[in-house]
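One letter stands for each residue in the lines below.
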Amino acid sequence: MSSKRSFIKNFWKEKKMVGSMAPSSRFLAKKMLESIDFQHSKVIVELGPGNGVFTRKILEQLRPDGVLLVFELNDEFMALLKKEFHDPRVHLIHDSAEKIGDYLHKFGLKQADAVISSLPLANFPQELKERILKESHKVMHEKALYVQFQYSLNAKSHIKSTFKKVSISFTPANFPPAFVYTCRK
Ligand SMILES: C[S@@+](CC[C@H](N)C(=O)[O-])C[C@H]1O[C@@H](n2cnc3c(N)ncnc32)[C@H](O)[C@@H]1O
């Protein structure tokens, strides 16, 4: 099955978890990654890669000695990711995003330089949303970035209460149009 069809199928199967009927556009991918200083970012964490639309772009820019930890819960997306990504810099983790700290520790890494999240936070129970945001904040070093897209401003207050500096931009060139939060500690 193509990865686009896989998206639609999994949306109907697990609406709240997948959160979208189609993969993000290249415009949104560009917006999500434009604030990351790839030259100085060694450890990058991606939450909710789906069919890997951002993963591909991250790998194009990741340092040769960089590490990318990718968290995806959905079985079918994980199978697609495993088929496509054989880059030794990538660790595909079939587990929930709230376990970032455990896995960084497991791979002998201390902190992350960037966390790039596509998680549909607005659909999550409050407790899970808070756990993931707090865990992301905890693993980031002082100058690290947390970048998150959302289709609404529903999660704004949670994001703002977790991070000290938050800037929000809007990308109409995506289906649905998206807000991008760029956050610092
Ligand atoms: C809106 S889709 C985004 C996919 C892709 N990054 C894109 O932009 O097209 C959200 C993704 O988050 C994944 N997801 C949802 N909850 C998760 C969790 N707790 N941990 C890891 N991944 C999760 C879903 O399976 C889905 O692939």
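In this text the structure is predicted, and so the values were computed from the model without any measurement.

**Overview of the sheet that holds strand β4 (residues 112-117)**
Ordered in space as β3-β2-β1-β4-β5-β7-β6, the 7 strands form an open sheet in which the pairing is mixed. A strand with exactly one partner marks an edge of an open sheet, and here the two such strands are β3 (90-93) and β6 (165-171). Each adjacent strand pair in this sheet contributes to an overall mean axis angle of 15°, direction not counted. When strand β1 (residues 43-47) meets strand β2 (residues 67-71), the two strands line up parallel, connected through 5 bridges. Bridge pairing in β2 links Val 45 to Leu 69. On the sheet, helix α7 (residues 126-139) packs against β4 and β5 (140-150) and is oriented at approximately 145° with respect to β5.

**Some words on unusual backbone geometry**
A cis amide bond links Phe 175 with the next residue in sequence, Pro 176, at an omega value of -10°. Mapped onto the elements, Pro 176 comes out in the loop between β6 and β7 (178-184).

**What about the site of the ligand?**
Close contacts around the ligand come from 22 residues, with Ser 24, Gly 48, Gly 50, Asn 74 and Ser 118 the closest. Of all the elements in the fold, those that place two or more residues in the shell around the ligand are α2 (15-18) and α4 (53-61).

**Thoughts on the packing of helix α3 (residues 26-33) against α4**
The interhelical angle for the contact between α3 and α4, taken along N-to-C directions, is 50°, at an axis separation of 10 Å. As far as their axial angle goes, α4 and α3 are oblique. Read as a crossing pair, α3 and α4 show a hand that is right-handed. Within the contact between the two elements, α3 uses Ala 29, Met 32 and Leu 33 and α4 uses Val 53, Phe 54, Lys 57 and Ile 58. Grouping the constituent residues of the contact of α3 with α4 by class yields 6 nonpolar, no polar and 1 charged.

Reading guide: rules and limits
Residues numbered from 1 in each chain as written. Predicted model: local features only at pLDDT ≥ 70, side-chain atom pairs only at ≥ 80, totals over all residues. Pairing = 2+ DSSP bridges. Helix = DSSP H or I, 4+ residues; strand = E, 2+ residues; numbered from the N terminus. Axes fitted to C-alpha atoms, helices over the stretch in contact; angles between N-to-C directions. Contact = placed C-beta atoms within 7 Å. Near = placed C-beta within 6 Å. Parallel < 35°, antiparallel > 145°, perpendicular 65-115°, else oblique. Left-handed = near helix turned anticlockwise from the far one by under 90°. Nonpolar A, V, L, I, M, F, W, Y, C, P; charged D, E, K, R; others polar.

Without other data, these values stay purely geometric and don't point to any function.
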